[in-house]
Amino acid sequence: MFRHVEIECNFDMKERLIEIWCRHFIEFLQILANNSQLHSIKFRDLDLCFGPRIDTPTYNNICRAIVDFLGSERQLKRAEFHYCSFGFSEGVELLRKLTEHNWQSLTHLVLQEFFRYESNDKEQVSNDAQKLPTFADLPSLRTLEMDYSLIFENMVASQSPDIQTIKSCQTRVLSKIILNYYNDSMEIEDCRGLTSTDWRFLKILCPDLQVELSITTNSATRRLVEFFILPNMPVTRLDYRNEDFETGIEINVLFDHLLTCKTNEHLVSFHLEWMWPIQALSSTFIPFLQACRKLKYLELFIVYSARGIEVLLESWLENRPESLEKVIIDISDLEDEDDFPSLMNLTTEYVSLLKLAGLNIRVDFHS
């Protein structure tokens, strides 16, 4: 009778109950495997019981139960794994079993913090990666959400050995990739890195593809920007969060790279959190935003950068990007608190005029 099941591990309980929960979890999966054909399954927060909280045999039994369950299903349309942190070998086996039996039905796949990466086991990881499914193995997949990882690199790079091979393949319906990178989850030194050619081939295979890219880092460098944002990447939504207050690239380096990659030609939504002073806010943002012909939604969370905000708003009164519909600007830690009243009054005036002109806009200051 079940069609949709969500399993969430929530350990506010005492340590002694974890073993009992794990045993019931395995039994429940066995019941599902014998009695159901689900349309969707979601696993969440299994990492709370992995690691030192359970022994290796129990962990292996859980992974085997999930593999057997996935092997029993034939109609899964959605499969989601949130914060599970499987070992790489176990993660590969889970994906292989999932795609082997649900390759025709699966339309939505989420792998958020799906596995934990051990950089000291590169040879084993390389061997396991050869068993990973590719987009060719998932002809019905429409949406893929996952962290940037060796799994994602393999799924993309394995599609592009030869341009003639790709042209002869049947195109896929994959239309959205939601890709996340958190600097504390995996170092880029441990990744192979994709190329603009990889993305060009993937775009041939998936003509309607759009990419939503989220990058959170406390070490924003030119290398990191150039590693993740590439030409031929159809990025329609970019969420860039720089959480370091002291060092890193200048904002113009990011914008210049986006223009070089022609990211501006696809961008519909742009969320930027920048924790360093931007010395020339208006002259930095105005040219870039004017180049984003499809941009509808803009969110800026910046510090120290009040000077220039009025010039930016005034420029939109005179020549607002035609596509722009909604703007949120949040400015914190003003350098000179004496400027706050006059700056706020002027900004409020511009915001009122822009609202009358049809722009949904909000600007907040925090001293």
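Residues numbered from 1 in each chain as written. Predicted model: local features only at pLDDT ≥ 70, side-chain atom pairs only at ≥ 80, totals over all residues. Heavy atoms only, no water.

The name that an unreviewed UniProt entry assigns to the chain is F-box domain-containing protein, with the source organism given as Araneus ventricosus.

(A) Seen up close, the overall build of the chain. If you tally the helices and strands in the chain, you get 12 helices and 14 strands. Burial statistics for the chain: of 367 residues in total, 52% are counted as buried. Contacts in the chain between residues at least 24 apart in sequence constitute 84% of all its contacts with a sequence separation of at least 6. When the accessible surface of the chain is split by element, carbon and sulfur atoms take 45% of a total near 17600 Å². (Helix = DSSP H or I, 4+ residues; strand = E, 2+ residues; numbered from the N terminus. Buried < 20%, exposed > 50% of the residue type's maximum accessible area, 1.4 Å probe, protein only. Contact = heavy atoms within 4.5 Å. Areas by Shrake-Rupley, 256 points an atom, 1.4 Å probe, with all protein chains shown as cover.)

(B) Geometry of the sheet that holds strand 14 (residues 360-366). Pairing within the open sheet is parallel, and its 12 strands lie in the order 1-2-3-5-7-8-9-10-11-12-13-14. Two strands in the sheet have a free side with no partner beyond their single neighbour: strand 1 (4-8) and strand 14. Taken over all neighbouring pairs, the strand axes of this sheet differ in orientation by 5° on average, direction set aside. The pairing of strand 12 (residues 297-303) with strand 13 (residues 326-332) spans seven bridges and is parallel. Note on strand 13: the bridge partner recorded for Glu-299 is Ile-328. (Pairing = 2+ DSSP bridges. Axes fitted to C-alpha atoms, helices over the stretch in contact; angles between N-to-C directions.)

(C) Quick peek at the nonpolar core. Counting residues in each nonpolar core, the largest one holds 120 residues, and the members touching the most others are Phe-43, Phe-86 and Trp-316. The greatest single-element share of this core, amounting to eight residues, is contributed by helix 2 (residues 56-72). Ignoring sequence-local partners within four residues, the contact set of Trp-316 consists of Leu-289, Leu-298, Pro-321, Leu-324, Val-327, Ile-329, Leu-354, Leu-359 and Ile-361. (Core = buried A, V, L, I, M, F, W, Y, C linked by side-chain atoms within 4.5 Å.)

(D) Here's a closer look at the pattern of salt bridges. Tallying each qualifying case throughout the model produces 12 salt bridges. A salt bridge links Glu-93 to Arg-96, with the nearest nitrogen and oxygen atoms 2.9 Å apart. Of this pair, Glu-93 and Arg-96 both sit in helix 3 (residues 88-102), three residues apart, which is roughly one turn of that helix. For Glu-93, a relative accessible area of 22% translates into the label partly exposed. The exposure class assigned to Arg-96 is partly exposed, which follows from its relative accessible area of 29%. The partner of Arg-241 in a salt bridge is Asp-239, with the nearest N and O atoms 2.9 Å apart. (Salt bridge = Lys/Arg side-chain N within 4 Å of Asp/Glu carboxyl O.)

(E) View of the environment of Leu-144. Mapped onto the secondary structure, Leu-144 falls in strand 7 (residues 143-147). In this structure Leu-144 comes out as buried when scored by relative accessible area, which is 0%. With 35 residues separating them along the chain, Leu-144 and Leu-179 place their C-alpha atoms 8.2 Å apart. Setting aside chain neighbours within four positions, we find Leu-144 in contact with Leu-109, Phe-135, Phe-152, Met-155, Leu-174, Lys-176, Ile-177 and Ile-178.

(F) Broad picture of the side chain of His-257. Of note, His-257 is situated in helix 9 (residues 251-260). A polar contact of 2.7 Å, which involves the side chain of His-257, links it to the backbone oxygen of Ile-229. Ignoring anything within four residues of it in the chain, the contact list for His-257 reads Val-225, Glu-226 and Ile-229. (Polar contact = N/O pair within 3.5 Å; in protein donor to acceptor, adjacent residues only side chain to side chain.)

(G) Quick look at the pairing of strand 2 (residues 40-44). Sheet topology places strand 1 next to strand 2; five bridges connect them, and they run parallel. Residue Glu-6 lies in a different strand from strand 2, and its bridge partner there is Lys-42. For strand 2 and strand 3 (residues 78-82), the ladder comprises five bridges, and the chain directions are parallel. Residue pairing for strand 3: Phe-43 is matched across the bridge by Phe-81. With helix 2 bridging strand 2 and the parallel strand 3, this β-α-β connection has right-handed handedness. (Right-handed = clockwise from strand over helix to strand, strands pointing away.)

(H) Representation of the packing of helix 1 (residues 18-35) against helix 2. Between helix 1 and helix 2, the shortest axis-to-axis distance is 9 Å and the interhelical angle comes to 15°. Classed by the angle they form, the pair helix 1 and helix 2 counts as roughly parallel. Handedness of the helix 1/helix 2 crossing: left-handed. Contacts from Cys-22, Phe-25, Ile-26, Leu-29, Leu-32 and Ala-33 of helix 1 reach helix 2 at Thr-58, Asn-61, Ile-62, Ala-65, Ile-66, Asp-68, Phe-69 and Ser-72. (Parallel < 35°, antiparallel > 145°, perpendicular 65-115°, else oblique. Left-handed = near helix turned anticlockwise from the far one by under 90°.)

(I) Region of interest: the environment of Arg-237. With respect to the helices and strands, the residue Arg-237 is situated in strand 10 (residues 235-242). What makes Arg-237 partly exposed here is its relative accessible area of 27%. C-alpha of Arg-237 to C-alpha of Val-211: the two residues are 26 residues apart in sequence and 6.8 Å apart in space. What Arg-237 contacts, discounting residues up to four positions off in sequence, is Val-211, Glu-212, Leu-213, Leu-267 and Ser-269.

(J) Structural context of the packing of helix 2 against helix 3. Running from N to C, helix 2 and helix 3 point in directions that differ by 15°, and their axes come no closer than 8 Å. As the angle between them shows, helix 2 and helix 3 are arranged roughly parallel. In this structure, helix 2 crosses over helix 3, and the sense of that crossing is right-handed. On helix 3, the residues that touch Tyr-59, Cys-63, Ile-66, Val-67, Leu-70 and Gly-71 of helix 2 are Glu-90, Glu-93, Leu-94, Lys-97, Leu-98, His-101 and Asn-102.

(K) Seen up close, helix 9. Within helix 9 the residues assigned to the buried category are Ile-251, Val-253, Leu-254, Phe-255, His-257 and Leu-258. Lining the buried residues of helix 9 we find helix 8 (222-228), strand 10, strand 11 (269-274) and helix 10 (281-291). A positive backbone phi angle near 60° is found at Lys-262, which sits one or two residues after helix 9.

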